[in-house]
Amino acid sequence: MSIKVEVIEGGIPHNNILMTGLLGTLVCLYLTYLNVLTNTEMFSFFGGLAAIIALIWGSHTIKVLCSYGIGTGVPSAGMIAFGSGVIAMLLATRFGILAPIVALVLAAVIGFILGYISNNILNMKIPAMVQALTEMAVVGALSLMGFAALITGGFTFAGLTEGTVTMLGMTVSSNQTSFIGGGLIAVAFLLGAIAIQHPFNACLGPGWKQDRMLMLTAECGFLSMIVAAFMSFALISTGSAMISLLVAILGWAYTYNQYIC
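A quick note: this is a predicted structure, and the numbers were derived from the prediction, not measured.

Throughout the structure, instances matching the rule amount to six aromatic pairs. Between Tyr-30 and Phe-155, the aromatic rings sit 6.2 Å apart at their centres with planes inclined by 85 degrees, giving edge-to-face as the arrangement. Taken together, the residues span a long stretch of sequence, with Tyr-30 in helix H1 (residues 14-31) and Phe-155 in the loop between helix H6 (129-152) and helix H7 (157-161) at a distance of 125 residues. Residue classification places Tyr-30 among the partly exposed residues on the basis of a relative accessible area of 28%. Here Trp-252 and Tyr-256 contribute two aromatic rings whose centre-to-centre distance is 5.2 Å and whose plane-to-plane angle is 25 degrees, an arrangement assigned as stacked. Taken as a pair, Trp-252 and Tyr-256 lie in helix H10 (residues 238-260) at a separation of four residues, close to a single helical turn. Put simply, the rings of Tyr-30, Tyr-33 and Phe-155 pair up and form one aromatic cluster. Looking at Arg-94, its charged tip hangs above the ring of Phe-157, at a distance of 4.3 Å from the centre.

A residue-level look at the protein chain finds 88% of positions with pLDDT of 70 or above and a mean pLDDT of 87. Here residues 165-172 is modelled with pLDDT under 50, and outside its nearest four sequence neighbours on either side it reaches 10 contacts, counting other chains as well.

Judged by nonpolar contacts, the single largest core of 67 residues is most densely connected at Phe-82, Met-89, Met-145 and Phe-179. Elements with a minimum of two residues in this core: H1, helix H3 (45-66), helix H4 (74-92), helix H5 (99-120), H6, helix H8 (184-203), helix H9 (210-232) and H10. No other element matches H6, which puts 12 residues into this core. The next biggest cluster of nonpolar side chains, apart from the first, holds eight residues, and it includes Leu-65, Tyr-68, Ala-128 and Met-129.

Procedures and definitions
All residue numbers here refer to positions counted from 1 along the written sequence of the relevant chain. Where totals are concerned, whole chains, interfaces and linings use all residues; where local detail is concerned, this predicted model gives features only for residues with pLDDT of at least 70, and gives and counts side-chain atom pairs only at 80 or more. In computing side-chain values, all of the structure's heavy atoms are included and hydrogens and water are not. In this analysis, rings of Phe, Tyr and Trp, with Trp reduced to its six-membered ring, are considered paired at centre separations within 6.5 Å, and the interplanar angle assigns stacked below 30 degrees, edge-to-face beyond 60, and tilted for intermediate values. Working definition: helices are DSSP H or I runs of at least four residues, strands are E runs of at least two. Numbering for both runs from the N terminus. Whether a residue is buried, partly exposed or exposed follows from its accessible area with a 1.4 Å probe, protein chains only, as a fraction of its type maximum: under 20%, in between, or over 50%, in that order. Counting as a charge over the ring demands two things of the Lys NZ or Arg CZ atom: a distance within 6 Å of the ring centre and an angle within 35 degrees of the ring normal. In predicted models, pLDDT denotes the confidence assigned by the predictor to each residue on a 0 to 100 scale. The contact definition used throughout considers only heavy atoms, calling two residues in contact when any of these lie within 4.5 Å. Here, the term nonpolar core denotes a set of buried Ala, Val, Leu, Ile, Met, Phe, Trp, Tyr and Cys residues that are joined through side-chain atoms within 4.5 Å.

Here you go:
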């Protein structure tokens, strides 16, 4: 039997955050498709914004889940979100423009299965477990897809696995200079997992406030976006990477100031 030792009083209802986060993430992901329509990479920064919106939603999901007295499970929640989400994200990239929708569906199925196993086989019996792990898997998948779009300019499988390298004046294909082949996906995994689990731990206590925690999540998200923007210099044009870096720095400065003040 689980006892809810912490309740969310006031603030924005979780379902509102869920819907806003889901819609906002999908819209920003599809805005990165403007790169294909305009034959540029200057809209890649929308991928970073998609990841940040998903992380904000996910951090509140962690708060809901851990309100049942499993505070030590916060790091586990972050890792299971991206561990399950990366599976859905990689499978979904094979579906071209439908990739974000496919990632959403696949991640929801995977998360639901993990939630069912946790409650009915591992016998954790936490009321919010199934919904929370379903949401976390979706957050993980869409966040990774956002970081992938930020770093590579797109979210299709070819764009994540193919790269080029110049040798003796000739440009040749090389999988090692890609998001997946170069191991950048592992860095994106950690950038998202840390950003999603830190805010609740940092704000936990009798002075917890919803808006303060969510602002810290946004700040952590923009901090991760700064790192991802630097990584994007290797895979997209310098001008496009500079736009992403500028958006990330401005966003981080604003959210950091709001959180501290």
